[in-house]
Amino acid sequence: MTLLHQHRHLSRLFLFAMTIVLTACSNTHGNNQRGHRGYTKPPLNVTVGAGPNRALALHAMKHLGTPYRYGGSTPNEGFDCSGLVQWSAKQSLNMNIPRSTSQQSQFGDELNTSHMAAGDLIFFNTSSQPNSHVGIYLGDAFFVHAPSSNGVVRVDSLNNPYWQPRMSIVRRIQ
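Residues numbered from 1 in each chain as written. Predicted model: local features only at pLDDT ≥ 70, side-chain atom pairs only at ≥ 80, totals over all residues. Heavy atoms only, no water.

Caption draft 1: Layout of the packing of aromatic side chains. Applying the stated rule across the entire model yields four aromatic pairs. Ring centres of Phe124 and Phe143 lie 5.0 Å apart, and the angle between their planes is 35°; this geometry places the pair in the tilted category. Of this pair, Phe124 sits in strand 4 (residues 121-124) while Phe143 sits in strand 6 (residues 142-145), and the two are 19 residues apart along the sequence. Since its relative accessible area comes to 0%, Phe124 is described here as buried. Take Phe143: its relative accessible area is 0%, and that puts it in the buried class. Considering the side-chain rings of Phe124 and Trp163, the 4.9 Å spacing of their centres and the 65° angle between planes classify their relative orientation as edge-to-face. On the criterion of sequence distance, the pair formed by Phe124 in strand 4 and Trp163 in the loop between strand 7 (154-157) and strand 8 (167-172) is long-range, its members being 39 residues apart. We note that Phe124, like Trp163, is buried. Taken together, the ring pairs connect Phe124, Phe143, Tyr162 and Trp163 into an aromatic cluster. (Phe/Tyr/Trp six-rings, centres within 6.5 Å; stacked < 30°, edge-to-face > 60°. Helix = DSSP H or I, 4+ residues; strand = E, 2+ residues; numbered from the N terminus. Buried < 20%, exposed > 50% of the residue type's maximum accessible area, 1.4 Å probe, protein only.)

Right, here's the structure in full:
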């Protein structure tokens, strides 16, 4: 075999090996985390705190990485923000709450932000309408929600410069 043939043979072998390695690295079978759009885990320091509706927060956290879908209200179809809240309340508290953020913002008792506990609902003004987005408080200034930006259920901080000025009310469902 000439040197040129050996070089071509080694090049093809190398390309074949790289194809196998890259294919194996991209395989997600057996991974229990959804990993949609690269988001699979909350920040390492996030835990769900105490609160009368802690089960609501814990249930919502099971859906991290679930795709955002406007009008979505189940894990299989994806969630929008109020769909995640409604689904999680039904599954964890056996509570039927309204579907829209506008209706949810009238449900339960309004709280001062200094009294927030895990499982309380946090409403935000993210559009021209009041209370246009909702999330579930986790504790330590973190909340879980289904935002349309970045497209998956995720955890964010209330200290984020985007969310902090948009927070409008907090409600505790009962």
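Caption draft 2: Highlighting the sheet that holds strand 5 (residues 133-139). What the six strands build is an open sheet, ordered 3-8-4-5-6-7; its pairing is antiparallel. The outermost strands of the open sheet, each flanked by one partner alone, are strand 3 (109-111) and strand 7. This sheet shows a mean twist of 40° between the axes of neighbouring strands, independent of strand direction. As paired strands, strand 4 and strand 8 are joined by four bridges and run antiparallel to one another. Each bridged residue has a counterpart across the sheet, and for Leu121 the counterpart in strand 8 is Arg171. Packed onto the sheet, helix 2 (residues 54-61) meets strand 4, strand 5, strand 6 and strand 7 and runs at close to 110° relative to strand 5. Against the sheet, helix 3 (residues 81-93) contacts strand 4, strand 5 and strand 6, and its axis sits at roughly 50° relative to strand 5. (Pairing = 2+ DSSP bridges. Axes fitted to C-alpha atoms, helices over the stretch in contact; angles between N-to-C directions. Contact = heavy atoms within 4.5 Å.)

Caption draft 3: The pattern of salt bridges, seen in detail. Applying the stated criterion to the full structure yields five salt bridges. As a salt-bridge pair, Arg99 and Asp80 come within 3.0 Å of each other at their nearest N and O atoms. Of this pair, Arg99 sits in the loop between helix 3 and helix 4 (101-104) while Asp80 sits in the loop between strand 2 (78-79) and helix 3, and the two are 19 residues apart along the sequence. We classify Arg99 as partly exposed; its relative accessible area is 23%. Using a relative accessible area of 7% as the deciding quantity, one classes Asp80 as buried. Put simply, Arg172 and Asp120 hold a salt bridge, and the shortest N to O gap is 2.8 Å. Note that Arg172 is positioned in strand 8 and Asp120 in the loop between strand 3 and strand 4, a separation of 52 residues in sequence. By relative accessible area, Asp120 is classed as buried at 0%. (Salt bridge = Lys/Arg side-chain N within 4 Å of Asp/Glu carboxyl O.)

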